[in-house]
Amino acid sequence: MIPAEVGDFVEFNDGQLGRVEKVNENSVIVDITINEDWDENEDFEKTVVNHKRYKILK
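Residues numbered from 1 in each chain as written. Predicted model: local features only at pLDDT ≥ 70, side-chain atom pairs only at ≥ 80, totals over all residues. Heavy atoms only, no water.

Engineer: Tell me about the pattern of salt bridges, and please be specific about residues and values.
Structural biologist: Opposite charge on two side chains permits them to pair, given that their charged atoms come into close proximity. Applying the stated criterion to the full structure yields 3 salt bridges. When the shortest N-O distance is used, the salt bridge between K46 and E21 registers 3.5 Å. One end of the pair, K46, is in strand 4 (residues 46-50); the other, E21, is in strand 2 (residues 16-23), and 25 residues separate them in sequence. Classification of K46 as partly exposed rests on a relative accessible area of 39%. A salt bridge links E45 to K46; its shortest N-O distance comes to 4.0 Å. Owing to a relative accessible area of 47%, E45 belongs among the partly exposed residues under this scheme. (Salt bridge = Lys/Arg side-chain N within 4 Å of Asp/Glu carboxyl O. Helix = DSSP H or I, 4+ residues; strand = E, 2+ residues; numbered from the N terminus. Buried < 20%, exposed > 50% of the residue type's maximum accessible area, 1.4 Å probe, protein only.)

Engineer: Quick one: what's the story with the pairing of strand 2, residue by residue and with numbers?
Structural biologist: Two elements, strand 1 (residues 9-12) and strand 2, share 4 bridges in a ladder whose sense is antiparallel. Bridge pairing links E11 to L17 in strand 2. Here strand 1 hands over to strand 2 after 3 residues, with N13 in that stretch at a positive phi of 50°. As paired strands, strand 2 and strand 3 (residues 27-31) are joined by 4 bridges and run antiparallel to one another. By the bridge assignment, K22 is partnered in strand 3 with I29. Remark: 3 residues form the turn of the hairpin made by strand 2 and strand 3, two consecutive strands paired antiparallel. (Pairing = 2+ DSSP bridges.)

Engineer: Just give me the short version of a negative patch on the surface, but keep the residues and values in it.
Structural biologist: Taken together, the side chains of E36, D37, E42 and D43 make up a negatively charged region of the molecular surface. Note that D37 resides in the loop between strand 3 and strand 4. Using a relative accessible area of 59% as the deciding quantity, one classes D37 as exposed. (Patch = residues over 30% accessible without salt bridge, like charges linked within 9 Å, V, L, I, M, F, W, Y side chains within 5 Å. Areas by Shrake-Rupley, 256 points an atom, 1.4 Å probe, with all protein chains shown as cover. Lys, Arg positive; Asp, Glu negative; His and termini not counted. Charge placed at Lys NZ, Arg CZ, Asp CG, Glu CD.)

As structure tokens, then:
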């Protein structure tokens, strides 16, 4: 599997979207504020996703 690069958009967790901000050895850190259902009062701005758990969007 080819890991995502910084700036790529990825899909994970059955439709959750994120923009890659950092690539680690086994995971990426993604900004999830682009999702329509993101609530700044309840959710964190970023999350970690394992390379095996996301799909790169074109």
